[in-house]
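Okay, here's what each chain looks like letter by letter:
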Amino acid sequence: MKYFISTILIAIIYSSSTAQPKLNERDMLMLKSFMAGNFSSELQAKNDTNYFNIVLHMAPIWSDKKDGFWLYVEQAVATSQEKPYRQRIYHVALKDDSTITSDVFEMKSPLRFTGAWKNAELISSLTTDSLISRDGCTIYLHKNKDGSFRGKTGDKTCTSNLRGASFATSEVIIKRDLLLSWDRGWDVD
């Protein structure tokens, strides 16, 4: 009986020391301020020629909605920003007191919205009911004790057909002045 009680005590001490901070609306505002902006992988590309200089623009949209926050997202090679290779809408919402979700949506004919991160007028005709959900591609974010956020998709939930992939995974770390993203495609095996 002594062993059982001490095991429970150790488990309680361990779980309380590693518990994630409880999330609230203030955390949502902080995360929004971290995510909104313009990002570049220029330094990475300079240090490792296996990487391109990629620019990522994220701009808040639909500020009247009260179900979290919405971002227009545009990604392009720095030398071809007029031809983005990825345009998405993210819906970021508080799931519970330990998890924030970032749902991913595509748009029909996305190139017509190119540059909407700097000209909101371009996206004024877009509505939530015209979005195409990327089911299984939600990123589940948790706040770290240092105030940063870390998240990832499910292991095999986000289908993809890019370059022969069957599914993709994404892992992110979001800080005040840094966004790290690791996107990987996986074949069926």
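Residues numbered from 1 in each chain as written. Predicted model: local features only at pLDDT ≥ 70, side-chain atom pairs only at ≥ 80, totals over all residues. Heavy atoms only, no water.

Engineer: How do you make sense of the overall build of the chain when you look at a structure like this?
Structural biologist: In terms of helices and strands, the chain carries three helices and eleven strands. Listing the helices and strands of the chain from first to last along the sequence gives α-α-β-α-β-β-β-β-β-β-β-β-β-β. Here the chain, with 189 residues, has 35% of them falling under the buried criterion. Looking at the chain alone, contacts between residues at least 24 apart form 45% of all its contacts between residues at least 6 apart. (Helix = DSSP H or I, 4+ residues; strand = E, 2+ residues; numbered from the N terminus. Buried < 20%, exposed > 50% of the residue type's maximum accessible area, 1.4 Å probe, protein only. Contact = heavy atoms within 4.5 Å.)

Engineer: I tried to follow the side chain of Ser 170 on my own but got confused; where do I start?
Structural biologist: Mapping Ser 170 onto the fold places it in strand β10 (residues 167-175). When residues no more than four places from it in sequence are discounted, the contact partners of Ser 170 are Ile 139, Gly 151, Lys 152, Thr 153, Trp 182 and Asp 183.

Engineer: Even after reading the chapter, I still don't get the packing of aromatic side chains, so can you show me in this structure?
Structural biologist: Aromatic ring pairs are defined here through the distance separating the ring centres and the angle between the ring planes. The final tally for this structure, using the stated rule, is four aromatic pairs. Ring geometry for Phe 34 against Phe 149: centres 6.2 Å apart, planes inclined by 70°, an arrangement best described as edge-to-face. In this pair, Phe 34 is assigned in helix α2 (residues 25-35) and Phe 149 in strand β8 (residues 149-152), connecting sequence segments 115 residues apart. Using a relative accessible area of 4% as the deciding quantity, one classes Phe 34 as buried. On the numbers, 5.2 Å between centres and 75° between planes, the contact of Trp 62 with Trp 70 is edge-to-face. Considered together, Trp 62 and Trp 70 belong to a single accessibility category, that of buried residues. (Phe/Tyr/Trp six-rings, centres within 6.5 Å; stacked < 30°, edge-to-face > 60°.)

Engineer: Sorry, what's going on with the environment of Leu 179 here?
Structural biologist: Looking at the secondary structure, you find Leu 179 in strand β11 (residues 178-186). On a C-alpha basis, the gap between Leu 179 and Arg 150 in space is 10.0 Å, while along the polypeptide they are 29 residues apart. The residues contacting Leu 179, other than those within four sequence positions of it, are Phe 39, Leu 56, Met 58, Ile 173 and Ile 174.

Engineer: Help me understand the confidence of the model for the chain in this model?
Structural biologist: The predicted structure's coordinates, where accompanied by low pLDDT, should not be read in detail. Looking at the chain as a whole, its pLDDT mean stands at 88, while 89% of the residues score no less than 70. Here residues 1-17 scores under 50 on pLDDT; set against residues more than four positions off or in separate chains, the count is one contact. (pLDDT = per-residue confidence, 0-100.)

Engineer: Help me understand α2 in this model?
Structural biologist: In an α-helix, one turn spans 3.6 residues, which is why side chains three or four residues apart end up on the same side. Of all the residues in α2, the buried ones are Asp 27, Met 28, Leu 31, Phe 34 and Met 35. All buried residues of α2 lie within an arc of 120° about the axis, which places them on one face of the element. In α2, those exposed residues whose orientation departs by more than 90 degrees from the buried face are Glu 25, Arg 26 and Leu 29. Positive phi appears at Gly 37, one or two residues downstream of α2, with a value of about 150°. (Arc of directions from axis to C-beta.)

Engineer: Explain the nonpolar core to me, please; I cannot follow it from the model alone.
Structural biologist: Leu 31, Met 35, Met 58 and Ile 174 are the most contacted members of the largest nonpolar core, which totals 23 residues. No other element matches α2, which puts four residues into this core. The residues contacting Ile 174, other than those within four sequence positions of it, are Leu 31, Phe 34, Met 35, Leu 141, Ser 148, Phe 149 and Leu 179. Ile 61, Trp 70, Ile 123 and Leu 126 belong to the second-largest nonpolar core, a separate cluster that totals twelve residues. (Core = buried A, V, L, I, M, F, W, Y, C linked by side-chain atoms within 4.5 Å.)

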